[in-house]
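# Observations on the three-dimensional arrangement
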Amino acid sequence: MADTAEVSTQEPVDRSRISKATPAGLDPALVTQLVAQAREQGVQLSGEGGLLAQLTKIVLESALDGELTEHLGYDRHDPAGANSGNSRNGTRSKTVLTDVGPVEIDVPRDRAGSFEPAIVRKRQRRLSGVEDLVLSLSAKGLTTGEISAHLAEVYGAQVSKQTISTITEKVMDGMIEWQNRPLDSVYPVVFLDAINVKIRDGKVANRPVYVALAVTAEGTRDILGLWVGDGGEGAKFWLQVCTELRNRGVEDVLMAVCDGLKGLPDAIEQVWPRTVVQTCVIHLLRNSFRYAARQDWDAVAKALRPVYTAPTEAAATERWLEFAEAWGTRYPAIVRLWENAWAEFTPFLAFDAEIRRVICSTNAIESVNARIRRAVRARGHFPNETAALKCIYLAVMSLDPTGQGRKRWVIRWKGALNAFDVAFDGRLTAGRK
């Protein structure tokens, strides 16, 4: 191990902590000895030339040497290799970027030139962990320049913006495959919402990116796809989306929850005639407040609450007439808003509390949208649709890295799924078979 001029000032090694943290198959005493020796010699644990980099070099070179031994069929200095037709032919140096920074390694060669290493392939300059790091940073909305600067600052690695762009471009193949993957035959609920993204197409303009999030028959979350709207006819656009989902295997959707997306109810009726379209009540309330003075928000909310909490549609109609009489003169726009949305507002009033609780809003998709918005906001605007979709796709794929969110979804939706099966005459159970 190479010495450095820096003298370590860290505390003595805690052997008990190292013992507990050491993976199975490694000798804790050996790890303790290595760390203690490095500190005695003033070798840093991390950074260029540090203990981790040196250990990475040793592990990689040992693995490469083992691969060459397997390729040749005999060990180093083994007489069995005499006149075998191929033998070791020295090494060549190359620097690879790893999670602990750049590491220079000696790659063994054979005389026949037929050796193809697997752990560090020919012309490979980055190990997979680095690519995962680049994709993770890109999912958080960092630009290629920001990622390059971050790797240089934290890892001391010089990675060009072009290299980072090449890594993220590999995502496109996976995104296309994901966007066209087969889907379940039935979903109890599909939430549809849109996020405005600034895209430069001649000039920078807001374009809607639509997200379809479904709850599966098992109660888990499944994002079905992403689509960039073109600002054209709504009914035609949504018919294309719904037809695409049906072609990918979706035969039935019990309920579709959205925020008054133009043309969507008609498109759903053509593709899935039995689907109930429900307007998001929370969005309806938020839109109502846009027409009311700030000092009246609390009063308007209190007056509307009996409408959307009514036990039946008839009761909701009575409460609505009372609201219209009290507030219609001051805020006719609110009255018009609710009347226009009434046909898509009332369906959930026919269901019990378990179903009402989960479909009265698009909160299920709002958490996803919040993550996407953070990534989009960090980028400002995108040069084209492909770049925008790539950023959003990476943000979506980075959701729930620990799997805890999946468990919470299953618990939250358990009661509602039973209620769906009863309310929709077993269509959910039929779809599970």
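Scoring rules and cut-offs
- Sequence order as written defines residue numbering, which begins from 1 separately in each chain.
- Per-residue local features are limited, in this predicted model, to residues with pLDDT of at least 70; the limit for side-chain atom pairs, both in listing and counting, is 80 or more; totals at the level of whole chains, interfaces and linings are taken over all residues.
- Where side-chain values are given, they derive from all heavy atoms of the structure, hydrogens and water being excluded.
- Counting from the N terminus, the helices are the DSSP runs of H or I reaching at least four residues and the strands are the DSSP runs of E reaching at least two.
- Accessible area is worked out with a 1.4 Å probe on protein chains only. A residue is then buried under 20% of its type maximum, exposed over 50%, and partly exposed in between.
- Two residues qualify as a contact provided that any one of their heavy atoms is within 4.5 Å of a heavy atom in the partner residue.
- Per-residue accessibility takes into account occlusion by the displayed protein chains alone, with areas from the Shrake-Rupley method and a 1.4 Å probe.
- Comment: axis = line fitted to C-alpha atoms, over the contacting stretch for helices; angle = value between 0 and 180 degrees taken between N-to-C directions.
- Here roughly perpendicular refers to angles of 65 to 115 degrees, roughly parallel to angles under 35, roughly antiparallel to angles over 145, and oblique to all remaining angles.
- Three residue categories are used. Nonpolar comprises Ala, Val, Leu, Ile, Met, Phe, Trp, Tyr, Cys and Pro, charged comprises Asp, Glu, Lys and Arg, and polar comprises the others, including Gly.
- Here the expected span of a helix is defined as 1.5 Å times the quantity of residues minus one.
- The reported bend at a residue is simply the angle between two axes, fitted to the 7 residues ending at it and to the 7 residues beginning with it.
- Buried residues of nine kinds, namely Ala, Val, Leu, Ile, Met, Phe, Trp, Tyr and Cys, make up a nonpolar core once their side-chain atoms join them within 4.5 Å.
- Looking at any residue, its pLDDT shows the predictor's confidence there, from 0 to 100.
- Two strands qualify as a pair provided that DSSP identifies no fewer than 2 bridges between them.
- Aromatic contacts are taken between Phe, Tyr and Trp rings whose centres are within 6.5 Å, Trp giving its six-membered ring; a plane angle under 30 degrees counts as stacked, one over 60 as edge-to-face, and the others as tilted.
- We count a charge as sitting over a ring when the NZ of a lysine or the CZ of an arginine lies within 6 Å of the ring centre and within 35 degrees of the ring normal.
- Salt bridge, as used here: a side-chain nitrogen of Lys or Arg that lies within 4 Å of a carboxyl oxygen of Asp or Glu.

## Things to note about the overall build of the protein
Check the secondary structure of the protein and you find 18 helices and seven strands. Within the span of the protein, comprising 433 residues, buried residues form 44% of the whole. Long-range contacts, defined here as pairs at least 24 residues apart, represent 63% of the contacts in the protein between residues at least 6 apart. Of the accessible surface of the protein, which amounts to about 23,300 Å², a share of 50% is contributed by carbon and sulfur atoms.

## A few points about the packing of helix H10 (residues 281-289) against helix H13 (residues 332-345)
The interhelical angle for the contact between H10 and H13, taken along N-to-C directions, is 170°, at an axis separation of 10 Å. By the angle class used here, H10 and H13 are roughly antiparallel. Contact residues: Val281, Leu284, Leu285, Asn287 and Ser288 in H10; Ile334, Leu337, Trp338, Ala341 and Phe345 in H13. For the contact of H10 with H13, the per-class residue count stands at eight nonpolar, two polar and no charged.

## A word on helix H17 (residues 404-423)
Along its 20 residues, H17 runs 29 Å from first to last C-alpha, staying within 8% of the 28 Å computed at 1.5 Å per residue. Within H17, the axis deviates most sharply at lysine 414, by approximately 45°. All of the buried residues along H17 are Gly405, Trp409, Trp413, Ala416, Leu417, Ala419, Phe420 and Asp421. Just beyond H17, the residue with positive phi is aspartate 425, at close to 55°.

## Observations concerning the nonpolar core
Trp338, Phe345, Trp413 and Phe420 are the most contacted members of the largest nonpolar core, which has 74 residues in total. In terms of residues, this core owes the most to one element, helix H16 (residues 385-397), which gives eight residues. Once residues lying within four places of it in the same chain are set aside, the contact partners of phenylalanine 345 are Gln278, Thr279, Val281, Leu284, Val307, Tyr308 and Trp338. Of all hydrophobic cores here, the second largest spans 25 residues; its members include Tyr187, Val190, Leu192 and Leu264.

## So, the confidence of the model for the protein
Averaged over every residue, the pLDDT of the protein is 77; residues scoring 70 or more account for 72%. Of the regions scoring below 50 in pLDDT, residues 1-26 engages in 32 contacts with residues more than four places distant in sequence or in other chains.

## Quick notes on the sheet that holds strand E4 (residues 203-215)
The mixed open sheet is built from five strands, whose spatial order is E5-E4-E3-E6-E7. Two strands close off the open sheet at either side, each with one partner strand: strand E5 (221-228) and strand E7 (276-279). Shown here is a sheet whose adjacent strand axes are inclined to one another by a mean of 25°, direction ignored. Relative to E7, strand E6 (residues 252-258) runs parallel, the two sharing four bridges. When the bridges of E7 are listed, valine 257 appears paired with glutamine 278. Lying over the sheet, helix H8 (residues 234-247) contacts strand E3 (186-201), E4 and E5, oriented at roughly 140° with respect to E5. Sheet strands touched by H17: E3, E4, E5 and E6. Its angle to E3, the strand with the most contacts, is close to 125°.

## Describing the packing of helix H11 (residues 297-308) against helix H12 (residues 313-327)
It is at 7 Å that the axes of H11 and H12 come closest, and there the two elements cross at 155°. The pairing of H11 with H12 is recorded here as roughly antiparallel in orientation. Where H11 approaches H12, its residues Ala299, Val300, Ala303, Leu304, Pro306 and Val307 are matched on the opposing element by Ala316, Arg319, Trp320, Phe323 and Trp327. Of the residues that constitute the contact of H11 with H12, the class distribution is ten nonpolar, no polar and one charged.

## Some details on the packing of aromatic side chains
Overall, the coordinates contain 16 aromatic pairs when judged by the stated rule. Summarising the aromatic geometry, the rings of phenylalanine 289 and tryptophan 297 are spaced 5.6 Å apart at their centres and angled 25° between planes, so their arrangement reads as stacked. Accessibility expressed as a relative area gives 30% for tryptophan 297, which makes it partly exposed. Aromatic side chains tryptophan 320 and tryptophan 342 sit 6.1 Å apart centroid to centroid with 35° between the ring planes, which places their arrangement in the tilted category. In this pair, tryptophan 320 sits in helix H12 while tryptophan 342 sits in helix H13, placing the two residues 22 residues apart along the sequence. The pair formed by tryptophan 320 and tryptophan 342 is uniform in burial state, with each residue classed as buried. Among the aromatic side chains, those forming a connected cluster through ring pairs are Trp320, Phe323, Trp327, Tyr331, Trp338, Trp342, Phe345 and Phe348. Above the ring of phenylalanine 348, the side-chain terminus of arginine 356 is found at 5.5 Å from the ring centroid.

## Some points on the environment of isoleucine 392
On the secondary structure map, isoleucine 392 appears in helix H16. Isoleucine 392 sits 20 residues away from isoleucine 372 along the chain, and the two C-alpha atoms are 5.9 Å apart. Setting aside chain neighbours within four positions, we find isoleucine 392 in contact with Val197, Val209, Leu226, Ile372 and Val376.

## Describing the side chain of asparagine 369
Position of asparagine 369 among the secondary structure elements: in helix H15 (residues 363-379). Among the residues examined, asparagine 369 registers a relative accessible area of 0% and is labelled buried. Each residue touching asparagine 369, except ones within four places of it in the same chain, is listed here: Asp193, Ile195 and Val211.

## Re the pattern of salt bridges
Evaluation of the coordinates by the stated rule reveals eight salt bridges. Measuring nitrogen to oxygen at the nearest pair gives 2.8 Å for the salt bridge that ties aspartate 252 to arginine 427. Of the two residues, aspartate 252 sits in strand E6 while arginine 427 sits in helix H18 (residues 427-432), which places them 175 residues apart along the sequence. Accessibility assignment for this pair places aspartate 252 and arginine 427 in one class, buried. One salt bridge in this structure joins glutamate 318 and arginine 319, with 3.5 Å as the shortest N-O distance. On the accessibility criterion, glutamate 318 (45% relative accessible area) is partly exposed. On the accessibility criterion, arginine 319 (25% relative accessible area) is partly exposed. Via salt bridges that share partners, Asp252, Arg274 and Arg427 belong to a single interconnected network.

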